[in-house]
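Descriptive analysis of the structure
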Amino acid sequence: MSGPPPDVDVVVVGAGVGGLAVADALSIDRSVLVLERRDRTGGRLHSVVRQGVGLDLGASWFWPGERRVAALVEDLGIATHAQHLDGDAMYQDAAGARRVQGNPIDVPSGRFSTGAASITDALAARLEPTVLRTSTTVHRIRLGSDRVEVAHDDSLTTAADVVLALSPALVAHGIEIEPELPRPLRGLAATTPVWMGAIAKVVARYAAPFWRDEGLAGAAISHSGPMREVHDLSGPDGEPAVLFGFAPLRDGVATPTEDELLGQLVDLFGPAAGAPEELLVADWRADPATSPPGVERITTYATYGHPAYQEPWGAGRLHWASTETSPVAPGHVEGALAAAERAVRAIEGRSGTDRPTEETRHGHADAR
């Protein structure tokens, strides 16, 4: 594989849905390089496929009125289906588990039938092969008056703009920025929580959706078990049959064991819940490409969509584009797309005079 280009119009850091949406929009008439630390695209959109249906280990839902998601799934031809709602819910506390009439937990929402990662897979497939580089870590960004230098692994790429499509806390912890961000902005980035960063997502796949046969929705709220929420993650018509839960992780507390998780599911849904065909646990706290150390202690969610993220910094060349920076639907896929839209708008609004010509590209290559 040839090395990365020494000079491009835009470097995007992060190949989640926000970063890939930026690249998809800008690569039409600009040179773009997307750098991703993981060995895959998608970021917190991460799915495994069973029986042709995606089991989401990260983001699962989209919601009524989220126009950007709706437009994107239509554009990409992504199949969707409605979240299962029918049946009674369960409630669990120190006194035990009990049935709640109706389902006051779930609300109408949509699911990506082949998994949320089908969105990022499709976006990545639209890019030229030279645009995307996985297994590549950005460690320094140097902002100049007319160009930005991005150091990654043992390479250096310069650009007119850099888009940070990863959580601000991860930027603050893992990327050296020169000159330093102003103290208020640096402090804001370091204290903005990572959406899902302190969560283990638990996915249990069964031979059949037995809970539906018993009139249950597969939804539960717990104040005593490791999973605080449980929902039905089954595919269309209940195939494959899947339950999933969110297990918040606290400082110094290990990820729940398989016995603890299955024990809770049995308490909520009966003996059949203890024998899944497959149990998957995604501990997002343990993923260094998602969460900085101590992520569970970063809890000031009021920082989401902060005004400081709405404008580029560093002579207008450094742009924030993660879901945490969006005032619209922060934490959702829609929020990531809104942040990407903002970055694209800012970059497209720049004068074209600072975009590299063939002569300047050649000069930068010689200088290296």
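In the block above lies the structure referred to throughout.
Keep in mind it's a predicted model, so treat the numbers as computed, not measured.

Focus: the nonpolar core
Core analysis: the largest hydrophobic core is formed by 36 residues, its most contacted members being V12, V17, V22, V32, F112, I119 and V163. Per-element accounting of this core gives the leading share, seven residues, to helix α8 (residues 333-348). Here V22 is in contact with V12, V163, A340, A343 and V344, once residues within four sequence places are set aside. By size, the runner-up hydrophobic cluster in this structure holds 25 residues, among which are L170, L181, L185 and Y309.

Considering the pattern of salt bridges
Tallying each qualifying case throughout the model produces 22 salt bridges. Of the charged contacts, one joins R142 and E149 as a salt bridge, the two residues approaching to 2.8 Å between their closest N and O atoms. Residue class for E149 comes out partly exposed when judged on its relative accessible area of 26%. Here R285 and E296 are joined by a salt bridge, their closest N and O atoms 3.6 Å apart. On the criterion of sequence distance, the pair formed by R285 in the loop between β20 (278-283) and β21 (318-320) and E296 in the loop between β20 and β21 is long-range, its members being eleven residues apart. Each member of the pair, R285 together with E296, is buried. Salt bridges sharing partners connect three or more residues here, namely R67, R68, E334, E341 and R345.

Concerning the sheet that holds strand β15 (residues 176-178)
Overall, mixed pairing links the four strands, which are arranged β13-β12-β11-β15 in an open sheet. Single-partner strands in this sheet number two, and they are β13 (155-159) and β15. Strand-to-strand twist in this sheet, taken as the mean axis angle between neighbours without regard to direction, amounts to 15°. Pairing analysis gives five bridges linking strand β11 (residues 138-143) to strand β12 (residues 148-152), with the strands arranged antiparallel. Residue pairing across strands places R140 opposite A151, the latter belonging to β12.

Details of the packing of aromatic side chains
Applying the stated criterion across every chain yields a total of eleven aromatic pairs. Judged by centre distance (5.6 Å) and plane angle (55°), the ring pair of W61 and F244 falls under tilted. One end of the pair, W61, is in strand β5 (residues 61-62); the other, F244, is in strand β19 (residues 241-248), with 183 residues separating them in the sequence. Like F244, W61 is buried. Centroid distance W61 to F246: 6.4 Å. Interplanar angle 65°. Geometry classified as edge-to-face. Here F246 lies in strand β19 and W61 lies in strand β5, a separation of 185 residues in the sequence. Judged by relative accessible area, F246 falls into the buried class, the value being 15%. Through pairs of rings, three or more aromatic residues link up here, namely W61, W63, F244 and F246. Over the face of the ring belonging to F244 we find K201, whose NZ or CZ atom lies 4.3 Å from the ring centre.

Conventions and cut-offs
Residues numbered from 1 in each chain as written. Predicted model: local features only at pLDDT ≥ 70, side-chain atom pairs only at ≥ 80, totals over all residues. Heavy atoms only, no water. Core = buried A, V, L, I, M, F, W, Y, C linked by side-chain atoms within 4.5 Å. Buried < 20%, exposed > 50% of the residue type's maximum accessible area, 1.4 Å probe, protein only. Helix = DSSP H or I, 4+ residues; strand = E, 2+ residues; numbered from the N terminus. Contact = heavy atoms within 4.5 Å. Salt bridge = Lys/Arg side-chain N within 4 Å of Asp/Glu carboxyl O. Pairing = 2+ DSSP bridges. Axes fitted to C-alpha atoms, helices over the stretch in contact; angles between N-to-C directions. Phe/Tyr/Trp six-rings, centres within 6.5 Å; stacked < 30°, edge-to-face > 60°. Lys NZ or Arg CZ within 6 Å of the ring centre and 35° of its normal.

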